[in-house]
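The residues making up each chain are set out below.
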Amino acid sequence: MIATVLALFTTGMELSRFPRFLLMLPLCLSVAVIYKSTRMENMREVPTAAAILWVTIVLGMVAVGVGLWAVFSVMA
Amino acid sequence: MVPVPSESAESAAHPVLADPASLARVSAAGLLSWLVPGLGHLYIGDRTRGIVCMVTIVVTFWGGVAIGGVRATVDPHERTLWFFAQLCSGSNVGAAYLLRGDAPRASKEISSAQIAAWAGPWVSADIGVHYTGVAGLLNILVILDALGRAERMSIVTRRSSRDRPKGVT
């Protein structure tokens, strides 16, 4: 049992192209939750504030990605 | 002639430094936050914030280790700067380093291809390194927040005990 659990952490996952990009979402969520937890005095306000920040980060990164893709497409 | 600040002026500027008990409390909050993310907040009584920080950072760190594999993710020789970022998450990186074990070294018997196979796929390793590194960097935020809150609490406690009328307990 313990060996099976440890094996999960020993070798990396094989990732295809699409899930690789989806892994950005939980990392951005962690950043949003920790940032808002340290900034807000009332912890009841954290879920909403973190969700708004998370959406903002993800949309910002998508916008930057689309912009860079457009620039490279024009230059190519 | 430069005026020398009096003891009371110095303690007003740095009230925590003037009180050994407050200084110990603030230092303990910072150290505990580094050792286990969120423990500093639990120590100063901020339970909800401590649990949220602990769960988020621990899940992010070990999620990264699960994605990239501990052999390629926690690597002080190949990814030195990221390792310093990971070190900020305290005991998590210690446990991961113990789990990793010693990496095989290139020799006549062991090729670099075999070492790469031991470490695992590089794409997931890169993502895992980002997860664990960001978890460590986020813990710096948590440590600074715990230090600030512990300091503010010490100042408030000190003021309320000073302002209390004599004879009132």
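Just so it is clear, the model here is predicted, and its values are computed rather than measured.

1. What about the environment of W82(B)?
All names here are of chain B.
Then comes step 1: Looking at the element boundaries, W82 is found in helix α7 (residues 80–87).
Then comes step 2: Taking the C-alpha atoms as reference points, W82 and T132, separated by 50 residues in sequence, lie 8.4 Å from one another.
Then comes step 3: Ignoring any residue separated from it by four or fewer positions in sequence, one finds W82 in contact with V129, H130, G133 and V134.

2. Some points on the layout of surface pockets
Residues and elements named next belong to chain A.
Then comes step 1: Taken as a whole, the second largest pocket spans an internal volume of roughly 310 Å³.
Then comes step 2: F21, M24, M61, V62, G65, V66 and W69 are the residues that line the second largest pocket.
Then comes step 3: In terms of residues, the lining of the second largest pocket owes the most to one element, helix α4 (residues 46–75), which gives five residues.
Then comes step 4: In the lining of the second largest pocket, the residues fall into six nonpolar, one polar and no charged.

3. A few points about the packing of aromatic side chains
Then comes step 1: Per the counting criterion, the structure on display carries three aromatic pairs over all chains.
Then comes step 2: Considering the side-chain rings of F9(A) and W62(B), the 5.6 Å spacing of their centres and the 90 degrees angle between planes classify their relative orientation as edge-to-face. Taken as a pair, F9(A) in helix α1 (residues 2–10) and W62(B) in helix α5 (residues 47–68) lie in two separate chains rather than in one.
Then comes step 3: Arranged with centres 5.5 Å apart and planes meeting at 70 degrees, the rings of F61(B) and W62(B) form a pair that is edge-to-face.
Then comes step 4: When its relative accessible area of 0% is taken as the criterion, F61(B) is described as buried.
Then comes step 5: Through a chain of ring-to-ring contacts, three or more aromatic side chains come together here, namely F9(A), F61(B) and W62(B).

Cut-offs and rules
- Starting from 1, residues in each chain are numbered consecutively following that chain's sequence as written.
- Numbering of ligands from 1 and lettering of chains from A proceed in the order in which they are written.
- Only residues with pLDDT of at least 70 are given local features in this predicted model, and only at 80 or more are side-chain atom pairs given and counted; all residues enter the totals for whole chains, interfaces and linings.
- Only hydrogens and water are set aside when side-chain values are computed; all heavy atoms of the structure are taken into account.
- Only DSSP runs of H or I with at least four residues qualify as helices, and only runs of E with at least two residues qualify as strands; both kinds are numbered from the N terminus onward.
- Contacts are residue-level and defined by heavy atoms, with any inter-residue pair within 4.5 Å sufficient.
- Only protein atoms enter the 1 Å grid used here, on which a cavity is any set of points holding a 1.4 Å probe that cannot leave and a pocket is any open set flanked by protein within 12 Å on both sides along at least five of seven lines; residues with an atom within 4 Å of a point are listed as lining.
- Grid points are joined across faces, edges and corners, and a volume is the space filled by probe spheres set on the points.
- Each residue gets one label: Ala, Val, Leu, Ile, Met, Phe, Trp, Tyr, Cys and Pro are nonpolar, Asp, Glu, Lys and Arg are charged, and the others, such as Gly, are polar.
- Side-chain rings of Phe, Tyr and Trp (the six-membered ring for Trp) are treated as a pair once their centres are within 6.5 Å; stacked means planes under 30 degrees apart, edge-to-face means over 60, and tilted covers the remaining angles.
- Exposed residues in this analysis have more than 50% of their type's maximum accessible area, buried residues have under 20%, and partly exposed residues fall in between, with area computed by a 1.4 Å probe over protein chains only.

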